[in-house]
Amino acid sequence: MKTDFDYPQKDLIGSVVFRPNFNNFETINANQAWSLFFTAGQDDKGLGQEIEFGRFFTNLLIAIGVTGIIWVIYFSQLAGLARLKPY
């Protein structure tokens, strides 16, 4: 079987953040950061160019953190009340 693919090996394996043409100390947006996170550093355009996906995942992470904090505070109070024994 013959293939027509002739990709340089250095571009197939390895993280995109270590390639010389990536970033050049420019700031990246949230969408690129989440794309790098979800693809384990392999692609910075995995979520596309629309910035709404990056904002969505950032807000989702904040909401999960706030919900977890409220959950712990609320249920730690309930656990303290359950330990009280009526006389």
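All of the points below concern the structure found in this document. (Residues numbered from 1 in each chain as written. Predicted model: local features only at pLDDT ≥ 70, side-chain atom pairs only at ≥ 80, totals over all residues. Heavy atoms only, no water.)

Let us now look at the side chain of Asn-31. Considering the arrangement of structural elements, one finds Asn-31 in helix H2 (residues 30-38). Side-chain polar atoms of Asn-31 contact the backbone oxygen of Gly-48, separated by 2.8 Å. In this structure, Asn-31 is in contact with Leu-47, Gly-48, Gln-49, Glu-50, Ile-51, Phe-53 and Gly-54, ignoring residues within four places of it in sequence. (Helix = DSSP H or I, 4+ residues; strand = E, 2+ residues; numbered from the N terminus. Polar contact = N/O pair within 3.5 Å; in protein donor to acceptor, adjacent residues only side chain to side chain. Contact = heavy atoms within 4.5 Å.)

Moving on to H2. Along an α-helix, residues three or four positions apart point the same way, because every turn accommodates 3.6 residues. Of all the residues in H2, the buried ones are Asn-31, Trp-34, Ser-35 and Leu-36. Here H2 starts with a cap whose side-chain oxygen sits 3.2 Å from the backbone nitrogen of Asn-31, and that cap is Asn-29. With its phi angle positive at about 55°, Ala-40 sits one or two positions after the end of H2. (Buried < 20%, exposed > 50% of the residue type's maximum accessible area, 1.4 Å probe, protein only.)

Another point: the environment of Asp-43. Among the secondary structure elements, Asp-43 is positioned in the loop between H2 and helix H3 (52-82). With 27 residues separating them along the chain, Asp-43 and Val-16 place their C-alpha atoms 6.1 Å apart. Separated by 3.3 Å, the side chain of Asp-43 and the backbone nitrogen of Gly-46 make a polar contact.

Attention now moves to the environment of Val-17. Locating Val-17 in the fold gives a position in the loop between helix H1 (9-12) and H2. Sequence separation of Val-17 and Gln-42 is 25 residues, and the distance between their C-alpha atoms is 7.8 Å. The contacts of Val-17, once residues within four sequence positions are left out, are Phe-22, Leu-36 and Gly-41.

Moving on: a nonpolar patch on the surface. A cluster of nonpolar side chains, contributed by Trp-71, Val-72, Tyr-74, Phe-75 and Leu-78, occupies part of the molecular surface with about 540 Å² of accessible area. Of note, Val-72 is situated in helix H3. For Val-72, a relative accessible area of 53% translates into the label exposed. (Patch = residues over 30% accessible without salt bridge, like charges linked within 9 Å, V, L, I, M, F, W, Y side chains within 5 Å. Areas by Shrake-Rupley, 256 points an atom, 1.4 Å probe, with all protein chains shown as cover. Salt bridge = Lys/Arg side-chain N within 4 Å of Asp/Glu carboxyl O.)

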